[in-house]
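Structural characterization, general
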Amino acid sequence: MPPVARSDSNPTATLRGLRQSTLFELALFLLPFENFFFAPSKGWAAIAPIGFFIYVLANPERWMSAARELRFVLMFVGVTLFITSINFIVFPPDGAVLFDVSRALALGITFLFALTIYFRDHEPGRALRIVAIAYAISLGVGVLQLIALRFEIDPLIEALHALGKRSVLRGQRRVQFTFTEPAYLGMHVYGVLLPLVIFFRGHRASRTVLRVMIAFVASGLLFGSSLKFRLDTAVVAILLAVFGVSWQSKRVRRVGWIIAFALIVFGIWFGTQNPRVQRLIRQGVQGDASVAARAFRVQASLVGYRHDPVACLTGHGLSNVWMPFRSGFHRTRLAWDRRRLAEIERLRFRRPSSLLSMPIRIVSELGLFVLAALLVALFDRKHLFLFAVLLWLYLGFDSYAFYSIWMYVYFVKVRPFNRSSA
């Protein structure tokens, strides 16, 4: 456990410390609320990263000590960015895209600084309770959305729709809780709540987070708002069975077989009842517009790598994800059903800053060598289950500012190292 918050004989300093910790806790409360209409980002519409950034700015006296704790992480990031910036000589970046991507990376790093500063002096109990309350409210909003949709309460639907920056309530009539998209539910349940439960297992407050997480899993499956969340849940369940369960006990094996049988039956039933699944079975990835848009980005980038294998190894430079995508766009487009490419056609002459897959993003920007180095550096045998879960989640998400990877870096790599070397 982290040390208890330090007391200070100076009342002014104590009050100032209280205000600063409140900034972190407010940002923590905002974690699930990422779809307000006033959010600055057009993609992942989160405002919590800005709150963590402000918290770090409010603690200048802690910057140096936090930097010492994070020295190896900062050295890795700094060296990587320095080396990859040499690519700008051959692949000049677009200034606007570079600013957008650099901002996201800076917000991710400042979130790592915020974790380092806050958990040095604070017990996790209060932070975990705040997270549990915030996500419980988000869950309640989802239930309210379901009621409004099921009973066609149009004024309530319109009011909830007006609050969101990207709402699917009125058009697609799907529950999205307080997330930018229904598909982001998996990132929060398995990329935020699950890691917190693992990092602080045994702590009383983590049980509350676990209950909220279980309620989210049940609601996400029952509401049926996100096909991706159901896939995420199935993959996490498989990874848990492989890495997180001891099969030496006969009782565990019996329960495992029962659960596996129930999941297979449910999967078959769901596949026969869900029109999206049926289209995907008949037509492949082009059977669903959302899946097709994601798959096209990846495939076009892979085709682009073949045009320049050397750049695939060394990258095109930070923010230049659009270059291999643009290079492979035309050849990939010829093999696809044009009816499924409405979203992709809008990217034809643009320079996208996101391709919705972190491995593709890293290879495009930083190169295959950096991706391999990252995987080796992040691997941890004690947290193999969580490592595999995050690897899966980031296959379909690529924001540098999202919390999961930075939480993993701090609680798995930085904090244990600093405590053991103290």
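Now for a look at the structure at hand.

About the criteria used
Residues numbered from 1 in each chain as written. Predicted model: local features only at pLDDT ≥ 70, side-chain atom pairs only at ≥ 80, totals over all residues. Heavy atoms only, no water. Helix = DSSP H or I, 4+ residues; strand = E, 2+ residues; numbered from the N terminus. Buried < 20%, exposed > 50% of the residue type's maximum accessible area, 1.4 Å probe, protein only. Contact = heavy atoms within 4.5 Å. Core = buried A, V, L, I, M, F, W, Y, C linked by side-chain atoms within 4.5 Å. Axes fitted to C-alpha atoms, helices over the stretch in contact; angles between N-to-C directions. Parallel < 35°, antiparallel > 145°, perpendicular 65-115°, else oblique. Left-handed = near helix turned anticlockwise from the far one by under 90°. Phe/Tyr/Trp six-rings, centres within 6.5 Å; stacked < 30°, edge-to-face > 60°. Nonpolar A, V, L, I, M, F, W, Y, C, P; charged D, E, K, R; others polar. Patch = residues over 30% accessible without salt bridge, like charges linked within 9 Å, V, L, I, M, F, W, Y side chains within 5 Å. Areas by Shrake-Rupley, 256 points an atom, 1.4 Å probe, with all protein chains shown as cover. Salt bridge = Lys/Arg side-chain N within 4 Å of Asp/Glu carboxyl O. Arc of directions from axis to C-beta.

Some points on unusual backbone geometry
Even without glycine at this site, Glu 152 takes up a positive phi of about 50°. Among the secondary structure elements, Glu 152 is positioned in the loop between helix H6 (124-150) and helix H7 (154-163). Phi is positive for Leu 356, close to 65°, though the residue is something other than glycine. Its location among the elements puts Leu 356 in the loop between helix H16 (342-345) and helix H17 (358-365).

With respect to the side chain of Thr 332
On the secondary structure map, Thr 332 appears in helix H15 (residues 322-334). With a relative accessible area of 2%, Thr 332 lands in the buried category. Apart from residues lying up to four places away in sequence, Thr 332 is in contact with Phe 296, Gln 299, Ala 300 and Val 303.

Regarding the environment of Pro 93
When you line up the elements, Pro 93 lands in the loop between helix H4 (71-85) and helix H5 (95-121). By relative accessible area, which is 29% here, Pro 93 ends up partly exposed. Separated by 23 residues in sequence, Pro 93 and Leu 70 place their C-alpha atoms 29 Å apart. With near-sequence residues (within four places) excluded, Pro 93 lies in contact with Phe 88, Leu 98, Ser 319 and Asn 320.

Side note on the nonpolar core
Within the largest apolar cluster, 115 residues are counted, with the highest numbers of intra-cluster contacts made by Phe 52, Phe 216 and Tyr 403. The element contributing the most residues to this core is H5, with 14 residues. Leaving out residues up to four positions away in the same chain, Phe 52 has contacts with Phe 24, Ala 27, Leu 28, Leu 31, Phe 111, Ala 114 and Tyr 403.

Considering the packing of helix H8 (residues 185-199) against helix H19 (residues 384-393)
The geometry of H8 relative to H19 is characterised by a closest axis approach of 10 Å and an angle of 165° between their N-to-C directions. The angle between H8 and H19 places the two elements in the roughly antiparallel class. Crossing angle aside, the handedness with which H8 passes H19 is left-handed. Seen from H8, the contacting residues are Gly 186, Met 187, Tyr 190, Gly 191, Leu 194, Pro 195, Ile 198 and Phe 199; seen from H19, they are Phe 385, Leu 386, Val 389, Leu 390 and Leu 393.

Focus on the packing of aromatic side chains
The description of an aromatic ring pair rests on the distance of the ring centres and on the angle between the ring planes. The final tally for this structure, using the stated rule, is 32 aromatic pairs. On the basis of an interplanar angle of 10° and a centroid distance of 4.1 Å, the ring pair of Phe 24 and Tyr 118 is categorised as stacked. Linking Phe 24 in helix H1 (residues 11-29) with Tyr 118 in helix H5, this pair joins segments that are 94 residues apart in sequence. Each of the two residues, Phe 24 as well as Tyr 118, counts as buried.

Considering the packing of H4 against H5
Packing of H4 against H5 leaves a shortest axis separation of 12 Å and a crossing angle of 165°. With respect to their mutual orientation, H4 and H5 come out roughly antiparallel. The interaxial crossing formed by H4 with H5 has left-handed handedness. The residues of H5 that touch H4, namely those facing Val 73, Leu 74, Val 77 and Leu 81, are Leu 105, Ile 109, Leu 112 and Phe 113. Its residues assigned to classes, the contact of H4 with H5 shows eight nonpolar, no polar and no charged.

Details of a nonpolar patch on the surface
There is a patch of nonpolar side chains on the surface, built from Val 79, Phe 82, Ile 83, Ile 86, Ile 89 and Val 90 and spanning about 660 Å² of accessible area. With respect to the element layout, Phe 82 can be found in helix H4.

Quick word on the pattern of salt bridges
Inspection of the entire model under this criterion finds eleven salt bridges. Ionic pairing is found between Asp 398 and Arg 361, a salt bridge with its closest N-O pair at 3.6 Å. Note that Asp 398 is positioned in the loop between H19 and helix H20 (403-421) and Arg 361 in helix H17, a separation of 37 residues in sequence. Accessibility expressed as a relative area gives 4% for Arg 361, which makes it buried. Via salt bridges that share partners, Arg 361, Glu 365 and Asp 398 belong to a single interconnected network.

Quick notes on the environment of Thr 84
With respect to the secondary-structure elements, Thr 84 resides in helix H4. The residues touching Thr 84, leaving out its near neighbours within four places in the chain, are Thr 314, Gly 317, Leu 318, Glu 365 and Leu 366.

A short note on helix H2 (residues 48-57)
Those residues of H2 that sit buried are Ala 48, Pro 49, Gly 51, Phe 52, Tyr 55 and Val 56. Projected down its long axis, H2 carries its buried residues within an arc of 155°, all on one side.

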